[in-house]
Amino acid sequence: MDEKVPRSNIIETEIPMGTVHPAALEPYRVRFFVEDEIVQEAEITIGVNHRGIERIMEGLPVEKANSLTEKICGICSNSHIWNSCRTAEIGLGIEIPERANYIRVIMGELERLHSHFLYLAHGCEVLSHETFSMRVFYLREIVMELLAMIGGNRVQYGCSVLGGVRPRCDLDEAKLLRLKEDMDKLEEGLTGFVERFINDSIVMSRITGIGVLPQKQAIELAVTGPTLRATGVARDLRTTMFEYDDFDFNVITQPDGDVKSNLVMRALESFESIKIIRQAIANIPEGKIVNRDWEMFDTDIIESYIEVPRGTLYHSYALESGRVRHCIIRTPSMANIGAMQYACIGDQITDAQLCIVQCDPCFTCTDRAIEIIRR
Amino acid sequence: MFSNTVIYSILAAIITILVCFIISTLLPGIERKYIHARIQQRIGPIVIAPGIMAPIKFMFKENVKVESPVPGLYKVLPIICFIVVMCLLIALTPQAFAIPALSSLVAIVGLLKVEEICYVLMGALSKSVMSVRMPFPDQIKGAVHNNATRSFIEDISSRRSLRMITYGSFPLYLALFAPVTQARSIFLEEIVAYQQVHGPFLFTVSGAIAAIVFFIGYMIILNEYPFSIIKAKCDVIEGPYMEYASKYRTIVYLTRGFFMMVLGALFSVLFLGIPPLITSWSILIVVLVSLVLVFMMGILSAFSPVFTNRQLLPTILGTTLLGILSIVLGLL
Amino acid sequence: MGIKSFSRARAIHVMLVYTGGCNGCDIEIVNSILSPRFDAEQYNVFLTWNPREADVLVVTGPVTHLNRKPLEEIYNAIPNPKLVVAAGSCALMGGVYKNCYGDIPSEEIEGPVENIIPVNAKIPGCAVRPQDVLAGVVSLLPILLDAD
């Protein structure tokens, strides 16, 4: 795969899109520089969503700050609260009960499922394939109901607390049974969809070779998560996380780094998530779900990395008399913006939004650490 | 006696047009509810919603100032489109066969071309809020290419319509001229007469191929997915129609349904030899043909993504070759 | 019921504007219209992305500084009669982000949607549920039908 080079010298015109656009699920501004409908360069402006969560977290009690991290993102809200709790747990040396760990993994994987389904549905919508989009949204509804059953809310569930999970999120026999049944339903539906999707020659001809991100470039741009794995690099932080020690799963990779690889990769990863949830349901240990037996003390800056649906999530803060200090959150989309700008180059402008979508953007996650420079 | 015949035939033509118009308002709803919604496993809107109720609703909306360099021309364009479609239907009624200027294939091709040129002008004149006019600090210190020319998204749409004029509508015109090879005349009257004697053109080899070509051309000229590049939602949102509000949007909505119906009538005239006429049962066949075309279009569009230039060119080339094949077969 | 209200009740075009929320509400609203499960189209609610076509503007998120002017522009582009639905606690009162700098005055969050454009209906919830969105839009029907 040869490299794509931005050719700034032949720009004919600039086409800005945003901040409100049907292909974007969130506000951002993107300027495409085109020559005869071929994108030569793209510039994504973020900061539209800047709300200052880290500033609000500064000085809050750690429990409160944890629940606030959930409001960073409505798609991967559980990942944020999980990682935030995990940061404090690492710093304070809190032992998490096995059962709580399993429930966190189940929630994490359910969230990965709903995020990947949203990605597939959104991708199909940007392709203007309404039918596939609707089919995936219909499947996604199963996951959303499961999340609502466990967490009590469809979007922000607040599952993790310091030392374990919230009592509401404990899984009894009935819930486990429903989880198990719905996983079967989900797998059946997803298998059907993926077969239809891969065998649809019109869709395949439309997305093969579009928005290519070469492996070399992906590593150079420090891309994370599924977008990196779709270029053929088997790098998944879940293999190193102690939470996933008991689970057996494969790291899925795809060779090409184009839209097709990305979409297929998300679909295949969903099967792995279903596999992990099945293992968790089968082996969930008995015992308490929260460890209240810990003490608060001041710590230096603590760091924690986990793998979330979109890539590597980084939280770090120091604790000072039970309050959060020097909070930094770095989300996967921050690293992937370069990839989005790069993937557009050399494609039709009709595909440009698709190339951005293929990197799974989540600008609401991203817009916190950025300082807006006023004119 | 003579004047009576003229009055009756004019009356019949008017009633035919009215009936076709009323039926045509149902077509977008039928496509949305019975095809798209059924395929997508949902209930969908009521049948009258997209075709009748939405236009009526827009009629009662405030008439806002249109953002356009030439607002007068921009507002006239949908009316021109509507009149063009109406002229097409008038040309197809048997009463109009007496007018040689209107009832030849050349006139029909010309009218269709007017429709296409309207899209170009609409796209060029519309300056919607959704792209350049969105108040956002784009050209600031630190941004790349601060001095590049800036285009509205409708400008791309306009350029695409031009491209569609040059090669996109080839299939439809080829299909229109395929029956000529059999009837040896470009006048609709003789094409109809020939088919009433020799049976419908559709059931010959050349006719069947031409029908397929016509169907693809029909989808291209109606801008339905997958050929809806000039109003693709993923980049140009609604393309040429972005700025129309209230009454003008009503006309845009009505034109779409009417155009579906008229193209159906065109098919039945050229390929079945049955002109739309209210006084005979043949009108039912015309309605049936337009319904079948709408159904086929709905099914195809529900299962296909939007095509970019990259897929459009080979598709249209292939269809054009098929069209040439059908003409050659007809001539043999 | 005149033809005006009759037609308005049978074709409602909804436009969404995200103004910097957490994506939760946005996706729930898109979900309520796009997913076959809730399918707003069966109540004749259509999703549109063209302000000239819209009747109801659904706004989510606490309006961030960069989003204020686009929101105003889009509101102005909608022809009358138009209605605004604020969905989610951020749009209603700024949510958790309202006092992001505490006592220090801040221009970052331009406050609830009410500060910028008039709001006709408010849908609470963090995040809003699809059922509530549908109920909110439908609750506006009487105002919409009686408008000039």
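For clarity, every value in this text was computed on a predicted model and none was experimentally measured. (Residues numbered from 1 in each chain as written. Chains lettered and ligands numbered in written order. Predicted model: local features only at pLDDT ≥ 70, side-chain atom pairs only at ≥ 80, totals over all residues.)

Draft legend 1. The overall build of chain C, seen in detail. The helix and strand inventory of chain C stands at 6 helices and 5 strands. Along chain C, from the amino end to the carboxyl end, the secondary structure elements read α-β-α-β-β-α-β-α-β-α-α. Expected size for 148 residues packed as a compact globule is a radius of gyration near 15 Å; at 15 Å, chain C falls within 12% of this value. Dimensions of chain C, computed from the C-alpha atoms along their principal axes, are close to 55 × 35 × 20 Å. Buried positions account for 57% of the 148 residues belonging to chain C. Put simply, 81% of the contacts in chain C that link residues at least 6 apart link residues at least 24 apart. (Helix = DSSP H or I, 4+ residues; strand = E, 2+ residues; numbered from the N terminus. Rg over C-alpha atoms; globule rule 2.2 N^0.38 Å. Buried ≥ 20, exposed ≤ 12 C-beta atoms within 10 Å, placed from the backbone. Contact = placed C-beta atoms within 7 Å.)

Draft legend 2. Region of interest: the interface of chain A and chain B. With 37 residues of chain A at the interface, the matching set in chain B holds 36 residues. Put simply, the parts of the chain that give the side of chain A that touches chain B at least two residues each are strand E1 (13-17), strand E2 (29-35), strand E3 (38-45), helix H5 (130-151), helix H7 (201-207) and helix H12 (349-358) of chain A. In terms of residue count, the dominant contributor to the side of chain A that touches chain B is H12(A) (6 residues). Looking at the side of chain A that touches chain B residue by residue, the class counts come to 17 nonpolar, 10 polar and 10 charged. (Nonpolar A, V, L, I, M, F, W, Y, C, P; charged D, E, K, R; others polar.)

Draft legend 3. Expanded view of the pairing of strand E3 (residues 56-60) of chain C. All names here are of chain C. When you tally the buried positions in E3, you get 5 out of 5 residues, the bulk of the element. Here E3 shows a buried face lined by Val56, Val58 and Thr60 and a second buried face lined by Leu57 and Val59. As paired elements, strand E1 (residues 12-18) and E3 share 5 bridges and run parallel to each other. Directly across from Tyr18, in E3, lies its bridge partner Thr60. Strand direction decides the pairing type here: E3 and strand E4 (residues 83-87), joined by 5 bridges, are parallel. Directly across from Thr60, in E4, lies its bridge partner Ala87. Assessed by its sense of winding, the connection that carries the chain from E3 through helix H3 (residues 65-77) to E4 is right-handed. (Pairing = 2+ DSSP bridges. Right-handed = clockwise from strand over helix to strand, strands pointing away.)

Draft legend 4. Quick look at the sheet that holds strand E2 (residues 45-48) of chain C. Residue and element names in this part refer to chain C. The 5 strands lie next to each other as E2-E1-E3-E4-E5, forming an open sheet whose pairing is parallel. The sheet is open, and its two edges are formed by E2 and strand E5 (121-123), each paired on a single side. With strand direction ignored, the average angle separating the axes of adjacent strands in the sheet is 30 degrees. In the sheet, E4 pairs with E5 via 3 bridges, with the strands oriented parallel. The residue of E5 that forms the bridge with Ala86 is Lys122. Of the strands in this sheet, E1, E2, E3 and E4 touch helix H2 (residues 24-34), which is tilted by about 145 degrees from E3. Against the sheet, helix H5 (residues 130-139) touches E1, E2, E3, E4 and E5, its axis set at about 170 degrees to E5. (Axes fitted to C-alpha atoms, helices over the stretch in contact; angles between N-to-C directions.)

Draft legend 5. Region of interest: helix H12 (residues 309-331) of chain B. An ideal rise of 1.5 Å per residue puts 33 Å on 23 residues; H12(B) measures up with 32 Å between its terminal C-alpha atoms. Those residues of H12(B) that fall on the buried side of the exposure criterion are B:Gln311, B:Leu312, B:Ile316, B:Thr319, B:Gly323, B:Ser326, B:Ile327 and B:Gly330. For H12(B), the secondary structure elements touched by its buried residues are H7 of chain A together with helix H6 (153-168), helix H7 (170-183) and helix H9 (205-221) of chain B. (Expected span 1.5 Å × (residues − 1).)

Draft legend 6. Quick look at the interface of chain C and chain B. Contacts between the two partners involve 24 residues from chain C, matched on the other side by 31 residues from chain B. Contributing elements (two or more residues each) for the side of chain C that touches chain B: helix H1 (3-10) and H3 of chain C. With 6 residues, H3(C) is the largest single contributor of residues to the side of chain C that touches chain B. Along the lines of polarity and charge, the residues of the side of chain C that touches chain B split into 10 nonpolar, 5 polar and 9 charged.

Draft legend 7. Structural context of the confidence of the model for chain C. Chain-level statistics for chain C give a pLDDT mean of 86 and a share of 97% at 70 or above. The ipTM assigned to the predicted complex is 0.91, against a pTM of 0.93. (pLDDT = per-residue confidence, 0-100.)

Draft legend 8. Spatial organisation of helix H8 (residues 188-198) of chain B. Residue and element names in this part refer to chain B. Here H8 has its buried residues at Leu188, Ile191, Val192 and Gln195. Buried residues of H8, viewed axially, fall in a sector of 95 degrees; they line one side. Among the exposed residues of H8, those oriented more than 90 degrees off its buried face are Val197 and His198. Along its buried surface, H8 packs onto H7 and helix H10 (246-272). Just past H8, the residue Gly199 takes up positive phi, approximately 85 degrees. (Arc of directions from axis to C-beta.)

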